[in-house]
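The primary structure of each chain is shown beneath.
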Amino acid sequence: LQALGAPGNAGTKVFCLTGKVLNTGLVEVPLGTSLRKIVEDIGGGAPDGQIKAVQTGGPSGGCIPAELLDTPVDYESLAKVGSIMGSGGMIVMDSSTNMVDVARYFMEFCKEESCGKCIPCRVGTVQMHRLLLRILEGTAGPEELQRLEKLCEMVRRTSLCGLGQTAPNPTISTLRYFRHEYEERLRPDPVPQGPGRPDLIPIPINEQRLAGGVWMEAAKPR
Amino acid sequence: MRLLKNVEGAGFQLAQKGARQPMTVLTLTIDGRLISAPEGATILQAAREAGMFIPTMCYLDGLSAHGGCRLCLVEIERDFRLQPACFVKVSEGMVVHTDTPELREYRRILIEMLFAEGNHICSVCVANGSCELQNAAMAVGMDHESLDYQYPNCDVDISHERFGIDHNRCILCTRCVRACDELEGAHTLDIADRGTDAKVVIDMSQPWGESQTCTSCGKCFMACPTGAIFRKRSTVAEMDHGHAKLDYLFNAREKQQWNI
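Draft legend 1. Representation of the overall build of chain A within the structure. Secondary structure summary: chain A contains 10 helices and seven strands in total. Counting every position in chain A, which comprises 222 residues, the buried fraction comes to 45%. For chain A, the proportion of contacts with a sequence separation of at least 24, taken over those separated by at least 6, is 59%. Per element, the accessible surface of chain A, about 11000 Å² overall, is 56% carbon and sulfur.

Draft legend 2. Inspection of the interface of chain B and chain A at higher detail. Between chain B and chain A, the residue contacts involve 28 residues of the former and 27 residues of the latter. Around 2500 Å² of area is buried between chain B and chain A when both sides are counted, 53% of it from carbon and sulfur atoms. Per-residue buried area on chain B facing chain A is highest for Tyr106, Met113 and Asp148 of chain B; these three make up 23% of the total on that side. Between Arg194 of chain B and Glu113 of chain A there is a salt bridge, with the nearest N and O atoms lying 3.6 Å from each other. Our count for the contact surface shared by chain B and chain A stands at 17 residue pairs in polar contact (both at pLDDT 80 or more). Among the elements that line the side of chain B that touches chain A, the one with the most residues is helix α3 (residues 101–117) of chain B, at nine residues. For the side of chain B that touches chain A, the class distribution of residues is 14 nonpolar, seven polar and seven charged.

Draft legend 3. Representation of the sheet that holds strand β10 (residues 229–231) of chain B within the structure. Residues and elements named next belong to chain B. Strands sit in the order β6-β7-β10 across an open sheet of three strands; the sheet is antiparallel. Whereas interior strands pair on both sides, the edge strands pair on one side only; in this sheet they are β6 (156–157) and β10. Two elements, strand β7 (residues 163–166) and β10, share three bridges in a ladder whose sense is antiparallel. Among the inter-strand pairings, Phe163 is bridged to a residue of β10, identified as Arg231.

Draft legend 4. Spatial organisation of the environment of Thr33 of chain A. Residues and elements named next belong to chain A. Looking at the element boundaries, Thr33 is found in the loop between β4 (25–30) and α1 (35–42). The class of Thr33 is buried, set by a relative accessible area of 12%. Separated by 153 residues in the primary sequence, Thr33 and Leu186 have C-alpha atoms spaced 38 Å apart. Each residue touching Thr33, except ones within four places of it in the same chain, is listed here: Ile38, Thr71, Pro72 and Val73.

Draft legend 5. Spotlight on the pairing of strand β1 (residues 25–30) of chain B. Residues and elements named next belong to chain B. Pairing of β1 with strand β2 (residues 33–38) involves six bridges; the strand directions are antiparallel. Residue pairing for β2: Thr27 is matched across the bridge by Ser36. What sits between the antiparallel neighbours β1 and β2 is a turn of two residues, in which Asp31 has the positive phi angle 50°. In the sheet, β1 pairs with strand β5 (residues 95–97) via two bridges, with the strands oriented parallel. By the bridge assignment for β5, Thr29 is matched with Val95.

Draft legend 6. A look at the confidence of the model for chain B. Residue and element names in this part refer to chain B. Averaged over all residues, the pLDDT of chain B is 89; the fraction at 70 or higher stands at 91%. Low pLDDT, under 50, characterises residues 1–18; the predicted model gives this stretch 32 contacts beyond four residues in sequence or across chains. We note a pTM of 0.84 for the whole complex and an ipTM of 0.86 for its interfaces.

Draft legend 7. Representation of the packing of aromatic side chains. Residue and element names in this part refer to chain B. Counting across every chain of the model gives four aromatic pairs over all chains. Measuring from ring centre to ring centre gives 5.7 Å for Tyr149 and Tyr151, while their planes differ by 35°; the resulting arrangement is tilted. A centroid spacing of 6.2 Å and a plane angle of 25° characterise the contact between Phe163 and Trp208, whose relative ring orientation is stacked. Residue Phe163 is found in strand β7, and its partner Trp208 is found in the loop between β9 (199–202) and α6 (219–223); the two are separated by 45 residues along the sequence. Each member of the pair Phe163 and Trp208 is classed as buried.

Draft legend 8. Quick peek at the sheet that holds strand β3 (residues 73–76) of chain B. All names here are of chain B. The strand order across the open sheet built from five strands is β2-β1-β5-β3-β4, with neighbouring strands paired in mixed fashion. The sheet is open, and its two borders are formed by β2 and β4 (82–84), each paired with just one other strand. Going from strand to strand, the sheet's axes swing by 40° on average, the running direction of each strand aside. Bridging between β3 and β4 involves three bridges; their strand directions are antiparallel. Note on β4: the bridge partner recorded for Leu73 is Pro84.

What counts, and where the lines are drawn
Residues numbered from 1 in each chain as written. Chains lettered and ligands numbered in written order. Predicted model: local features only at pLDDT ≥ 70, side-chain atom pairs only at ≥ 80, totals over all residues. Heavy atoms only, no water. Helix = DSSP H or I, 4+ residues; strand = E, 2+ residues; numbered from the N terminus. Buried < 20%, exposed > 50% of the residue type's maximum accessible area, 1.4 Å probe, protein only. Contact = heavy atoms within 4.5 Å. Areas by Shrake-Rupley, 256 points an atom, 1.4 Å probe, with all protein chains shown as cover. Buried area = accessible area lost by both parts, 1.4 Å probe. Salt bridge = Lys/Arg side-chain N within 4 Å of Asp/Glu carboxyl O. Polar contact = N/O pair within 3.5 Å; in protein donor to acceptor, adjacent residues only side chain to side chain. Nonpolar A, V, L, I, M, F, W, Y, C, P; charged D, E, K, R; others polar. Pairing = 2+ DSSP bridges. pLDDT = per-residue confidence, 0-100. Phe/Tyr/Trp six-rings, centres within 6.5 Å; stacked < 30°, edge-to-face > 60°. Axes fitted to C-alpha atoms, helices over the stretch in contact; angles between N-to-C directions.

The structure is reproduced here in structure tokens:
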């Protein structure tokens, strides 16, 4: 067994290959095999269209984009690209997959699985799931995206156990490689500019009074 | 020897086995200050003994540590993870940082999370002014809520003759559960369900008034940091949890120390 695999990563590993590939099922490969070999040669590639990304390691893992398919599957290389070996799950996604929805799906899973002992995981997963939903709906702005990133980092750093510490991983990795998919869905124009907003009532301001410091008086409509 | 004596008399909660033997004193650095602490003390105990402040929520003197609130997380040099000060024991030459900008921000978000999760409306709460959640919010400088309020649908149980529990105000610190189990020995209270659904239940999730195990001792009320468990027929001005009574009980029982 030591003869198989890569230096420092001896032996084989069983993966559960699933998603948008021709041949799904359990595969056993020597460690250090490239992701491309597993997905394209053994899996037979995506039945219709391009492979877009591969999610490894289950709900706590990360998404590896198609550009990095030549990454050898060993513990260090996967960590370097922001994912993990984890449970050995390997979900292939093609161009029809919405990466924000992928992140939302995994966050929903972690939210359901949270035991509720520590605050960051119990509340953080709910809050991150809400933010992801809002980004999908198109009602979130850049500030929500910023808040999501902050929460991801905070939950990862402060959670008590592995579930909370890794729950933001799919979101972090999709943000890292598919940030444009998030940004495309943000609210188009956060603050309507200029005149012509019917819900705003123009209040004349008396510049002279304002200069005198009587600002409440200055704002009174005349 | 004199130093050892002082430390021994300082009221550390240590395992009683061999308490009469002289303790080993360790030195460590917390926030740039060199302090000494007996072997077996936690970072939190060492820091408090030295008069340093580390915010806590689920920790209470007299009860076992829980480690769920994550407020006392500290940075230990040469440790890539943040560690809860209420659990980690001091070691020789340890260098601890308790107040970095990163920690300060995380603590603020943690408190914001608690406010977002429950229905905390201070103006109509009996614990207003004597609430640890309120104090923590001020201590961490939370001036607004940046998260979505979750508005959970919680119930209030006032079926007990002397006490009531309002789940809207519960932060799931489990201090009441530990007080009931460890100090009273009744274990009437516990946590049911998980994640957002987790809640404190009485016996097999039945009305408090019908509980066969509750001794009506009020230790859960003494342990509660917020207004979740309250004494009935008492006003905001009369609200005094008396948290220190639990520590007194613990010291009297476990260490035969009867002074307050």
